[in-house]
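Structure assessment
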Amino acid sequence: MKKIYNTFSPDETEEIARKFAESLDNSIPHFIAMYGDLGVGKTAFVRGLASVLAPNARVKSPTYTVVNEYKGEKLPLYHFDVYRIEDEDDLYSVGFYEYLQKGICVTEWSENIEDVIPNDAYRVTIKRGANPENERIITIEE
(Lines give C-alpha, C1' and ligand atoms only; values in the text may rest on other atoms or scores of the structure.)
Protein backbone atom coordinates (compact mmCIF):
# COMPACT_ATOMS: atom_id res chain seq x y z
CA MET A 1 0.00 0.00 0.00
CA LYS A 2 1.28 3.48 -0.86
CA LYS A 3 0.07 6.75 0.66
CA ILE A 4 1.11 10.19 -0.57
CA TYR A 5 0.79 13.44 1.40
CA ASN A 6 1.66 17.08 0.73
CA THR A 7 2.80 19.22 3.61
CA PHE A 8 3.71 22.89 3.80
CA SER A 9 5.48 23.18 7.17
CA PRO A 10 7.50 21.09 9.61
CA ASP A 11 4.42 20.97 11.87
CA GLU A 12 2.37 19.40 9.08
CA THR A 13 5.16 16.88 8.42
CA GLU A 14 5.17 15.98 12.11
CA GLU A 15 1.38 15.57 12.05
CA ILE A 16 1.56 13.08 9.16
CA ALA A 17 4.19 11.14 11.14
CA ARG A 18 2.01 11.20 14.27
CA LYS A 19 -0.90 9.70 12.35
CA PHE A 20 1.39 7.09 10.84
CA ALA A 21 2.78 6.19 14.30
CA GLU A 22 -0.73 5.82 15.67
CA SER A 23 -1.45 3.25 12.95
CA LEU A 24 1.49 1.05 13.94
CA ASP A 25 1.07 -1.98 16.14
CA ASN A 26 3.85 -1.06 18.55
CA SER A 27 3.86 -4.41 20.31
CA ILE A 28 6.21 -5.82 17.64
CA PRO A 29 9.42 -4.42 16.17
CA HIS A 30 9.09 -2.31 13.04
CA PHE A 31 11.63 -0.89 10.62
CA ILE A 32 11.07 2.47 8.95
CA ALA A 33 13.51 3.30 6.16
CA MET A 34 13.62 7.00 5.33
CA TYR A 35 14.80 8.55 2.08
CA GLY A 36 15.29 12.17 1.10
CA ASP A 37 17.80 14.91 0.48
CA LEU A 38 19.43 17.03 3.15
CA GLY A 39 16.96 19.38 4.81
CA VAL A 40 13.71 17.90 3.50
CA GLY A 41 12.31 17.08 6.95
CA LYS A 42 13.40 13.54 7.82
CA THR A 43 14.17 14.50 11.42
CA ALA A 44 10.88 16.42 11.65
CA PHE A 45 9.13 13.22 10.59
CA VAL A 46 10.96 11.30 13.33
CA ARG A 47 9.89 13.97 15.86
CA GLY A 48 6.29 13.26 14.88
CA LEU A 49 6.82 9.51 15.27
CA ALA A 50 8.45 9.99 18.65
CA SER A 51 5.61 12.19 19.91
CA VAL A 52 3.46 9.05 19.82
CA LEU A 53 5.95 6.21 20.31
CA ALA A 54 8.27 7.87 22.87
CA PRO A 55 6.37 10.95 24.07
CA ASN A 56 9.05 12.46 26.30
CA ALA A 57 11.86 12.17 23.75
CA ARG A 58 13.81 15.21 22.68
CA VAL A 59 14.51 14.25 19.08
CA LYS A 60 17.61 15.53 17.35
CA SER A 61 19.51 14.21 14.39
CA PRO A 62 21.97 11.43 15.29
CA THR A 63 24.42 12.61 12.62
CA TYR A 64 27.52 12.23 14.77
CA THR A 65 26.34 9.55 17.18
CA VAL A 66 24.83 7.33 14.44
CA VAL A 67 21.96 6.25 16.72
CA ASN A 68 19.79 7.96 19.32
CA GLU A 69 17.72 5.84 21.67
CA TYR A 70 14.34 7.04 22.94
CA LYS A 71 12.48 5.18 25.66
CA GLY A 72 9.05 4.28 24.36
CA GLU A 73 5.95 3.41 26.31
CA LYS A 74 5.86 -0.13 24.85
CA LEU A 75 9.00 -0.44 22.72
CA PRO A 76 12.11 1.71 22.46
CA LEU A 77 12.55 3.89 19.38
CA TYR A 78 15.98 3.79 17.72
CA HIS A 79 16.76 6.67 15.37
CA PHE A 80 19.70 6.02 13.04
CA ASP A 81 21.55 8.35 10.71
CA VAL A 82 23.46 6.02 8.38
CA TYR A 83 24.87 8.75 6.14
CA ARG A 84 28.44 7.91 7.18
CA ILE A 85 27.99 4.12 7.15
CA GLU A 86 30.27 2.66 4.52
CA ASP A 87 29.86 -1.08 4.89
CA GLU A 88 28.38 -3.88 6.96
CA ASP A 89 31.30 -3.74 9.43
CA ASP A 90 30.19 -0.21 10.33
CA LEU A 91 26.69 -1.50 11.04
CA TYR A 92 28.06 -4.24 13.30
CA SER A 93 30.24 -1.76 15.17
CA VAL A 94 27.23 0.34 16.19
CA GLY A 95 25.16 -2.71 17.16
CA PHE A 96 22.67 -2.20 14.34
CA TYR A 97 21.53 -5.83 14.16
CA GLU A 98 20.87 -6.05 17.90
CA TYR A 99 18.68 -2.95 17.73
CA LEU A 100 16.52 -4.58 15.05
CA GLN A 101 15.34 -7.19 17.53
CA LYS A 102 14.64 -4.82 20.40
CA GLY A 103 12.37 -2.05 19.16
CA ILE A 104 11.24 0.28 16.42
CA CYS A 105 14.11 1.32 14.13
CA VAL A 106 14.05 4.39 11.92
CA THR A 107 16.94 5.05 9.56
CA GLU A 108 17.72 8.28 7.77
CA TRP A 109 19.76 7.96 4.54
CA SER A 110 18.49 4.41 4.02
CA GLU A 111 19.85 4.32 0.48
CA ASN A 112 23.24 3.68 2.12
CA ILE A 113 22.08 0.37 3.63
CA GLU A 114 19.58 -0.83 1.03
CA ASP A 115 20.93 -4.41 1.14
CA VAL A 116 20.11 -4.89 4.84
CA ILE A 117 16.67 -3.28 5.03
CA PRO A 118 14.10 -5.90 6.09
CA ASN A 119 11.59 -6.95 3.43
CA ASP A 120 8.67 -5.89 5.63
CA ALA A 121 10.04 -2.39 6.27
CA TYR A 122 8.00 0.74 5.80
CA ARG A 123 9.63 3.12 3.30
CA VAL A 124 9.16 6.84 3.78
CA THR A 125 10.36 9.18 1.04
CA ILE A 126 10.32 12.95 1.47
CA LYS A 127 10.88 15.22 -1.53
CA ARG A 128 10.62 18.92 -2.15
CA GLY A 129 7.44 19.94 -3.96
CA ALA A 130 6.71 22.67 -6.51
CA ASN A 131 7.46 25.30 -3.87
CA PRO A 132 10.80 23.92 -2.61
CA GLU A 133 10.95 26.38 0.29
CA ASN A 134 7.85 24.99 2.00
CA GLU A 135 6.16 22.11 0.19
CA ARG A 136 7.10 18.50 0.84
CA ILE A 137 5.75 15.36 -0.78
CA ILE A 138 5.76 12.45 1.64
CA THR A 139 5.28 8.92 0.36
CA ILE A 140 4.76 6.07 2.82
CA GLU A 141 4.96 2.54 1.41
CA GLU A 142 4.22 -0.66 3.28
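The rules we used
- Residues numbered from 1 in each chain as written.
- Predicted model: local features only at pLDDT ≥ 70, side-chain atom pairs only at ≥ 80, totals over all residues.
- Heavy atoms only, no water.
- Core = buried A, V, L, I, M, F, W, Y, C linked by side-chain atoms within 4.5 Å.
- Buried < 20%, exposed > 50% of the residue type's maximum accessible area, 1.4 Å probe, protein only.
- Helix = DSSP H or I, 4+ residues; strand = E, 2+ residues; numbered from the N terminus.
- Contact = heavy atoms within 4.5 Å.
- Pairing = 2+ DSSP bridges.
- Axes fitted to C-alpha atoms, helices over the stretch in contact; angles between N-to-C directions.
- Expected span 1.5 Å × (residues − 1).
- Arc of directions from axis to C-beta.

With respect to the nonpolar core
Counting 25 residues, the largest nonpolar core has Phe 20, Ile 32, Met 34, Phe 45, Leu 49 and Val 124 as the members making the most contacts within it. Take this core: its biggest share by element is five residues, from helix 2 (residues 42-53). Aside from chain neighbours lying at most four places away, what touches Phe 20 is Ile 32, Phe 45, Leu 49, Tyr 122 and Ile 140. One finds Leu 91, Phe 96, Trp 109 and Ile 113 within the second-largest nonpolar core, a separate group that totals 19 residues.

Details of the sheet that holds strand 2 (residues 31-35)
The sheet built from seven strands is open, its strands ordered 1-7-6-2-5-4-3 with mixed pairing. Each of the sheet's edge strands pairs with one partner strand only, and the pair in question is strand 1 (2-7) and strand 3 (67-70). When the angles between neighbouring strand axes are averaged without regard to direction, this sheet yields 15°. Where strand 1 lies against strand 7 (residues 136-141), six bridges are found, and the strand directions are antiparallel. Looking across to strand 7, one finds that Tyr 5 is bridged to Ile 138. Helix 1 (residues 10-23) contacts strand 1, strand 2, strand 6 (122-128) and strand 7 of the sheet and is inclined by roughly 155° relative to strand 1. The sheet strands contacting helix 2 are strand 2, strand 4 (77-81), strand 5 (104-108), strand 6 and strand 7, and the helix crosses strand 5 at an angle near 170°.

Considering helix 1
Between its first and last C-alpha atoms helix 1 spans 20 Å; for 14 residues at 1.5 Å apiece the expected length is 20 Å, and the two agree. Along helix 1, the residues classified as buried are Thr 13, Glu 14, Ile 16, Ala 17, Phe 20 and Ala 21. The buried residues of helix 1 all sit within an arc of 155° when viewed along its axis, so they share a single face. Exposed residues on helix 1 whose side chains face more than 90 degrees from its buried face are Asp 11, Lys 19, Glu 22 and Ser 23. At its buried positions, helix 1 is contacted by strand 1, strand 2, helix 2, strand 6 and strand 7.

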